[in-house]
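Overview (structure and organization)
The primary structure of each chain is shown beneath.
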Amino acid sequence: MHIQDNYRRPLLSLRISLTSRCNVNCFYCHRDGIVPSSGEISADDVKNICSVAADLGVKKIRLSGGEPLIRSDIVEIVEGINDVGFRDISITTNGTLLEEYSGPLKDAGLDRVNVSFDTLNPETYRFITKRDYLERVKSGIKSAVDAGLYPVKINMVVLRGVNHHEIWDMFDFCRENGAVLQLIELLKTDNCPDGMDRYHCDMNRIEEKLSRMADEIRTRKFMQDRKKYYIGDGEVEVVRPMDNTRFCANCTRLRVTPDGKLKPCLLRNDNLVDTGEALRNNDTEMLRRLFLEAIGRRSPYYHQDG
Ligand SMILES: Nc1nc2c(ncn2[C@@H]2O[C@H](COP(=O)(O)OP(=O)(O)OP(=O)(O)O)[C@@H](O)[C@H]2O)c(=O)[nH]1
Ligand SMILES: C[S@@+](CC[C@H](N)C(=O)[O-])C[C@H]1O[C@@H](n2cnc3c(N)ncnc32)[C@H](O)[C@@H]1O
Ligand code: SF4
Ligand code: SF4
């Protein structure tokens, strides 16, 4: 049984932001739409939240942030989630600490990772992240593939004038390393700094080219109707959330902030549901009620008449 929201969208997936902290500083970062906070829920809290989510029909857990791998208890967190039992446990990471963690995370029950990696050029990498970790990320990606995390997806935010000309090099890099390329449209949120418009890239032209080259195109129904292009032995997925009513109409996610608030939508912070008291009192019934409240507050951010 899946609980549906008021727009008949089932709740299938929970995205937990484990921290607002990060060890790099990407200039475009929306931090998963989260207002930074210093509080971080414990590994036990994460497990309790996931138990209630599983009871309500959630099948997939995604850990994100900030940078989730800077949590020193990240392996314990994944073990706890794995004990509850889900079809799919994944992490979105910048990959800088992945070489150290791929094996332990796989052993703890992690299924897969998405690694944010926008460029193969060291200068461009430094321009985007303000750090020199490009080689570390490459090693991290290889270690994830070697550890058997599958699929390993490479998240490339397409930035006009910065990396848009690198798409095919990234596609080759992914093919050579057994990863899937995920092209992401730059999203402007309240969290993003000003002046981002000049980096926004028209994804239509990219998708037209992918369509011409693809041997097969598939649509991910319960994943916001995203398109997947199969080209030779490679695979490219395109994520286009901006002003995309179909994307929101097929949204099946609820989020959790680092300080334990349920967040019905990436792009809103005015309808959060605080679970602090329920977590402190270990009150599963109350936590369940709060989940239902948050599900009731879910609504498509971009919609036909708005
Ligand atoms: N508007 C919007 N954008 C999202 C949402 N979830 C993810 N995104 C965007 O999608 C990009 C990739 O997110 P990931 O955390 O790698 O996960 P994913 O691609 O959604 O998940 P999988 O394809 O299952 O691996 C991010 O850059 C976000 O900007 C969402 O719920 N709403
Ligand atoms: C906020 S990060 C958190 C997890 C981790 N630190 C990482 O970078 O993968 C999650 C994803 O959001 C993407 N992202 C961040 N800001 C974005 C923006 N303005 N538009 C589109 N995607 C963005 C990142 O590239 C990354 O793939
Ligand atoms: S690594 Fe992730 S959280 Fe950190 S700044 Fe980059 S996109 Fe944001
Ligand atoms: S409703 Fe739209 S913007 Fe909000 S989380 Fe879902 S897909 Fe993202």
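Residues numbered from 1 in each chain as written. Chains lettered and ligands numbered in written order. Predicted model: local features only at pLDDT ≥ 70, side-chain atom pairs only at ≥ 80, totals over all residues. Heavy atoms only, no water.

Keep this limit in mind: UniProt positions are given in the numbering used here, feature names are shortened, and annotations may be inferred rather than shown by experiment.
Per an unreviewed UniProt entry, the protein is named Probable GTP 3',8-cyclase, and its organism is Methanothermobacter wolfeii. Here the protein is described in UniProt, under the heading Catalytic activity (unreviewed entry), as follows: "GTP + AH2 + S-adenosyl-L-methionine = (8S)-3',8-cyclo-7,8-dihydroguanosine 5'-triphosphate + 5'-deoxyadenosine + L-methionine + A + H(+)".

Focus on helix 1 (residues 43–55)
What counts is decided by this rule: The secondary structure listing takes helices from DSSP runs of H or I that are at least 4 residues long and strands from runs of E that are at least 2 residues long, numbered from the N terminus. How far a helix is expected to stretch is found by multiplying one less than its residue total by 1.5 Å. Here, residues are in contact when the closest pair of their heavy atoms is within 4.5 Å.
Here helix 1 contains 13 residues, and its C-alpha end-to-end distance of 19 Å stays within 8% of the 18 Å for a straight helix at 1.5 Å per residue. Those residues of helix 1 that are buried are in contact with strand 1 (13–17), strand 2 (60–64), helix 2 (74–84), strand 10 (253–256), helix 9 (276–280) and helix 10 (284–296). Backbone geometry just after helix 1 places Gly57 at a positive phi near 105°.

Here's the deal with the environment of Phe173
Selection criterion: When accessible area is computed with a 1.4 Å probe and restricted to protein chains, residues below 20% of their type maximum are described as buried, those above 50% as exposed, and intermediate ones as partly exposed.
Topologically, Phe173 is positioned in helix 6 (residues 167–177). Owing to a relative accessible area of 8%, Phe173 belongs among the buried residues under this scheme. Discounting residues that sit within four places of it in the chain, Phe173 has contacts with Phe117, Leu120, Lys138 and Ile141.

Quick word on helix 5 (residues 134–147)
Taking 1.5 Å of rise per residue, 14 residues should cover 20 Å, and helix 5 covers 20 Å from first to last C-alpha, within 8% of that figure. Listed as buried for helix 5 are Leu134, Val137, Lys138, Gly140, Ile141, Ser143 and Ala144. Check the buried side of helix 5 and you find it contacts helix 3 (98–108), strand 4 (112–116), helix 4 (122–129), strand 5 (152–158) and helix 6. Directly after helix 5, the chain includes Gly148, whose backbone phi takes a positive value near 90°.

Comments concerning the packing of aromatic side chains
Under the convention used in this document: Under the pairing criterion, centres of Phe, Tyr and Trp rings, with the six-membered ring standing for Trp, must be within 6.5 Å; the plane angle then separates stacked pairs below 30 degrees from edge-to-face pairs above 60, leaving the rest tilted.
Scanning the entire structure with this criterion turns up seven aromatic pairs. Residues Trp168 and Phe171 carry aromatic rings whose centres are separated by 6.2 Å and whose planes lie at 85° to one another, so their mutual orientation is edge-to-face. Within this pair, Trp168 and its partner Phe171 are both found in helix 6, separated by three residues, close to a single helical turn. When its relative accessible area of 26% is taken as the criterion, Trp168 is described as partly exposed.

Digging into the site of ligand 2
What counts, and what does not: Nearness is defined per residue: one heavy atom within 4 Å of the molecule or strand is enough. In protein, a polar contact requires one atom able to donate a hydrogen and another able to accept it; more generally it is a pair of N or O atoms within 3.5 Å, and residues adjacent in sequence count only if both atoms are side-chain atoms. Only the protein chains shown count as cover for residues, and the accessible areas themselves come from Shrake-Rupley with a 1.4 Å probe. Three categories are distinguished: nonpolar for Ala, Val, Leu, Ile, Met, Phe, Trp, Tyr, Cys and Pro, charged for Asp, Glu, Lys and Arg, and polar for the others, with Gly belonging to the last.
Neighbouring ligand 2 are 20 residues; Tyr28, Gly66, Ser116, Asn155 and Leu187 lie closest to it. Taking Glu67, its side chain carries an N or O atom lying 3.1 Å from a nitrogen atom of ligand 2. Asn155 places a side-chain nitrogen or oxygen 2.9 Å from an oxygen atom of ligand 2. Considered on its own, ligand 2 offers 540 Å² of accessible surface; in the complex 93% of this is hidden by protein. Contributions of two or more residues to the shell around ligand 2 are made by strand 3 (88–93), strand 5 and strand 6 (179–185). Per-class residue counts for the shell around ligand 2 are seven nonpolar, nine polar and four charged.

A short note on the nonpolar core
Proteins that are soluble and globular tend to have nonpolar side chains buried together. Quick reminder of the rule: Among buried residues, the Ala, Val, Leu, Ile, Met, Phe, Trp, Tyr and Cys ones that are joined through side-chain atoms within 4.5 Å form a nonpolar core.
Formed by 73 residues in total, the largest nonpolar core has its most connected members in Leu14, Ile16, Leu63, Ile154 and Leu183. Ignoring anything within four residues of it in the chain, the contact list for Ile16 reads Ile41, Val46, Cys50, Ile61, Arg62, Leu63, Ser64 and Val256. Residues Val157, Leu159, Val162 and Ile184 belong to the second largest nonpolar core, which totals 13 residues.

Focus on the pattern of salt bridges
The line we're drawing: Counted as salt bridges are all cases of a side-chain nitrogen of Lys or Arg within 4 Å of a carboxyl oxygen of Asp or Glu.
In the structure shown here, the tally under the stated rule is 23 salt bridges. The residue Asp5 makes a salt bridge to Arg298 at a minimum N-O spacing of 3.1 Å. With Asp5 in the segment before strand 1 and Arg298 in the segment after helix 10, this residue pair connects regions lying 293 residues apart in the sequence. In this structure Arg298 comes out as buried when scored by relative accessible area, which is 1%. A salt bridge links Arg175 to Asp172, with the nearest nitrogen and oxygen atoms 3.1 Å apart. Of this pair, Arg175 and Asp172 both sit in helix 6, three residues apart, which is roughly one turn of the helix. Among the charged side chains, a salt-bridge network with shared partners connects Arg21, Glu40, Arg71 and Asp73.

Examining the pairing of strand 6
Defined as follows: Strands are treated as partners if at least two bridges between them are detected by DSSP. Look down the strands so they point away from you; if the path from the first strand over the helix to the second goes clockwise, the crossover is right-handed.
The buried fraction of strand 6 amounts to seven of the seven residues, a majority that puts the element mostly inside the structure. Side-chain alternation along strand 6 places Ala179, Leu181, Leu183 and Glu185 on one buried face and Val180, Gln182 and Ile184 on a second face that is also buried. As paired elements, strand 5 and strand 6 share seven bridges and run parallel to each other. The residue of strand 6 that forms the bridge with Val152 is Ala179. In this view, the connection linking strand 5 to its parallel neighbour strand 6 by way of helix 6 has right-handed handedness. In this sheet, strand 9 (residues 234–239) lies alongside strand 6 in parallel orientation, the contact comprising four bridges. Residue pairing across strands places Leu181 opposite Val236, the latter belonging to strand 9.

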